[in-house]
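Structural overview for review
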Amino acid sequence: MEPGKAISSELNRNLYEPIEPYSTGFFKVSDLHTIYYEQSGNPSGHPVVFLHGGPGGGTTPSNRRFFDPEFYRIILFDQRGAGKSTPHACLVENTSWDLIADIEKLREHLEIPEWQVFGGSWGSTLALAYSQAHPDKVTGMVLRGIFLLRKKEIEWFYEGGAAAIYPDAWEPFRDLIPENERGCFIDAYSKRLNSDDMETQYAAARAWTKWEMMTAHLLPNEENIKRGDDDDFSLAFARIENHYFVNKGFFPSDSFLLDNVHKIRHINTTIVQGRYDVCCPMMSAWDLHKAWPEADFKVVADAGHSANEPGIAAELVAANEKLKNIIKNGS
């Protein structure tokens, strides 16, 4: 038997059955913002907080399925302006640091001393930033589709890099913007997503969202692509993403998250990355792996970006199972 084979073969790699929350609520985090949150699984289980992507993507019921509901107390919440949180698509008081403060407020509100953190894409960005700010509150982490919000990552996806692989999906995104404004698509979209005319906002939001949805899977996923037609979803997704990207994630430097890995080096962590991720190319996961070799690093050979791709979902479930076993064994 190959070394390490025995342990990995014992880990469940199948998504858990769909479950309903045992509690849902709205929590006022500022004079302006109220966030939706829910709890499912075992009320006295080990707490885990799910950090959704985007920013602006919101949570979905399927997000609960990565966790053993008999072991975990599963907490999902919609970040400011996203999902069921209000005001919808609002950019005021909406920064990475506001979200990190909200995670802490929610943890205290739920009387949780410490918890596991799970996040993919922008959720991995926020998980890294949160854990670096509050390393003593994090028992373990599972990170997927690593996004460090560096200039080269934003430019790859929004300024023509990924267009080399998806020229067909790129054209509608590009063509919404007049040629004289194509020097910076992020800025051109920012102008439209903040227009006084709602139809201009919606048209930009649809184009922005469709571009990402058409590139998120190794093989096209029609259900995902249809989300671009949902004006409610698209508006929050596009406006909040663009707002964060224009502002470089509100981080003080381009390499901020890599520079602060030393604060979280001790936290048991698994990094899961699709080899053919076009949204968050593997260079970022690789840079994080080099800076943090202690973290488990799983590259899924036949996957793109989405957590719902079979190979990625299997590794995410297995990573949670591994952390569950560590907690159970008290090591």
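None of these values were measured; they are calculated from a predicted model.

Conventions we followed
Residues numbered from 1 in each chain as written. Predicted model: local features only at pLDDT ≥ 70, side-chain atom pairs only at ≥ 80, totals over all residues. Heavy atoms only, no water. Helix = DSSP H or I, 4+ residues; strand = E, 2+ residues; numbered from the N terminus. Rg over C-alpha atoms; globule rule 2.2 N^0.38 Å. Buried < 20%, exposed > 50% of the residue type's maximum accessible area, 1.4 Å probe, protein only. Contact = heavy atoms within 4.5 Å. Areas by Shrake-Rupley, 256 points an atom, 1.4 Å probe, with all protein chains shown as cover. Lys, Arg positive; Asp, Glu negative; His and termini not counted. Charge placed at Lys NZ, Arg CZ, Asp CG, Glu CD. Pairing = 2+ DSSP bridges. Axes fitted to C-alpha atoms, helices over the stretch in contact; angles between N-to-C directions. UniProt positions renumbered as here; feature names shortened; annotations may be inferred. Arc of directions from axis to C-beta. Phe/Tyr/Trp six-rings, centres within 6.5 Å; stacked < 30°, edge-to-face > 60°. Lys NZ or Arg CZ within 6 Å of the ring centre and 35° of its normal. Expected span 1.5 Å × (residues − 1). Polar contact = N/O pair within 3.5 Å; in protein donor to acceptor, adjacent residues only side chain to side chain.

1. What to know about the overall build of the protein
When helices and strands are tallied, the protein shows 12 helices and eight strands. Relative to the globule expectation of 20 Å for 331 residues, the C-alpha radius of gyration of the protein, 19 Å, shows essentially globular dimensions. If you line up the protein on its principal axes, its C-alpha atoms span 60 × 50 × 35 Å. When burial is assessed residue by residue, the protein has 56% of its 331 residues classed as buried. A separation of at least 24 residues holds for 73% of the contacts in the protein among residues at least 6 apart in sequence. In the form shown here, the protein has an accessible surface area of approximately 14,000 Å², with 52% of it arising from carbon and sulfur atoms. Put simply, the protein has 33 plus and 47 minus side-chain charges, and the middle of one group is 3 Å from the middle of the other.

2. Re the sheet that holds strand β5 (residues 115-120)
Either a parallel or an antiparallel arrangement is found when strands of a sheet pair, and the pairing is made through backbone hydrogen bonds. Taken in spatial order, the eight strands line up as β1-β2-β4-β3-β5-β6-β7-β8 in an open sheet, and their pairing is mixed. Edge positions in the sheet fall to β1 (23-28) and β8 (296-300), since each has one partner strand and no second. Averaged over neighbouring strand pairs, the angle between their axes works out to 20° when direction is ignored. Here strand β2 (residues 34-41) runs beside strand β4 (residues 72-77); their pairing, made up of five bridges, is antiparallel. What sits directly across from Ser 40, in β4, is Ile 74.

3. So, the UniProt feature "domain: AB hydrolase-1" (unreviewed entry) in the protein
Under the UniProt annotation, the feature "domain: AB hydrolase-1" (unreviewed entry) is placed at residues 47-309. Strand forms 13% of residues 47-309 and helix 39%; the C-alpha atoms that close the span are 25 Å apart.

4. As for helix α5 (residues 167-175)
Of all the positions in α5, only Ala 169, Trp 170 and Phe 173 are classed as buried. Angularly, the buried residues of α5 cover 95° about the axis, an arc narrow enough to put them on a single face. Against the buried residues of α5 lie α4 (151-158), α6 (185-193) and α7 (198-213).

5. Quick look at the packing of aromatic side chains
In this description, an aromatic ring pair is defined by two values, namely the gap between the centres and the angle between the planes. Tallied over the full model, the rule gives 28 aromatic pairs. On the numbers, 4.4 Å between centres and 15° between planes, the contact of Tyr 158 with Trp 208 is stacked. Highlighted residues: Tyr 158 in helix α4 and Trp 208 in helix α7, separated in sequence by 50 residues. Neither residue differs from the other here; Tyr 158 and Trp 208 are each classed as buried. Feature note: the residues Phe 147, Phe 157, Tyr 158, Trp 170, Phe 173, Phe 185, Tyr 189, Trp 208, Trp 211 and Phe 245 constitute an aromatic cluster, connected by ring pairs. Sitting over the ring of Tyr 36, Lys 84 keeps its end group 4.3 Å from the ring centre. The ring of Phe 233 has Arg 227 lying over it, and the distance from NZ or CZ to the ring centre is 4.0 Å.

6. Section: unusual backbone geometry
A cis amide bond links Gly 54 with the next residue in sequence, Pro 55, at an omega value of 0°. With respect to the helices, strands and loops of the structure, Pro 55 is situated in the loop between β3 (46-51) and β4. The peptide bond linking Thr 86 to Pro 87 adopts the cis configuration, its omega dihedral lying at -5°. Residue placement: Pro 87 occurs in the loop between β4 and α2 (96-109).

7. Some words on helix α3 (residues 122-133)
Across its 12 residues, α3 extends 17 Å between first and last C-alpha, which sits within 8% of the 16 Å expected from 1.5 Å per residue. Of all 12 residues making up α3, 11 are buried, and the element is well covered by its neighbours. Within the sequence span of α3, burial applies to Trp 122, Gly 123, Ser 124, Thr 125, Leu 126, Ala 127, Leu 128, Ala 129, Tyr 130, Ser 131 and Gln 132.

8. Examining the environment of Ser 85
Mapped onto the elements, Ser 85 comes out in the loop between β4 and α2. By relative accessible area, which is 1% here, Ser 85 ends up buried. The spatial distance from the C-alpha of Ser 85 to the C-alpha of Gly 58 is 8.6 Å, given a sequence separation of 27 residues. With residues near it in sequence (within four places) discarded, Ser 85 still touches Thr 34, Ile 35, Tyr 36, Asp 78 and Gln 79. At a separation of 2.6 Å, a polar atom in the side chain of Ser 85 contacts the main-chain carbonyl oxygen of Asp 78.

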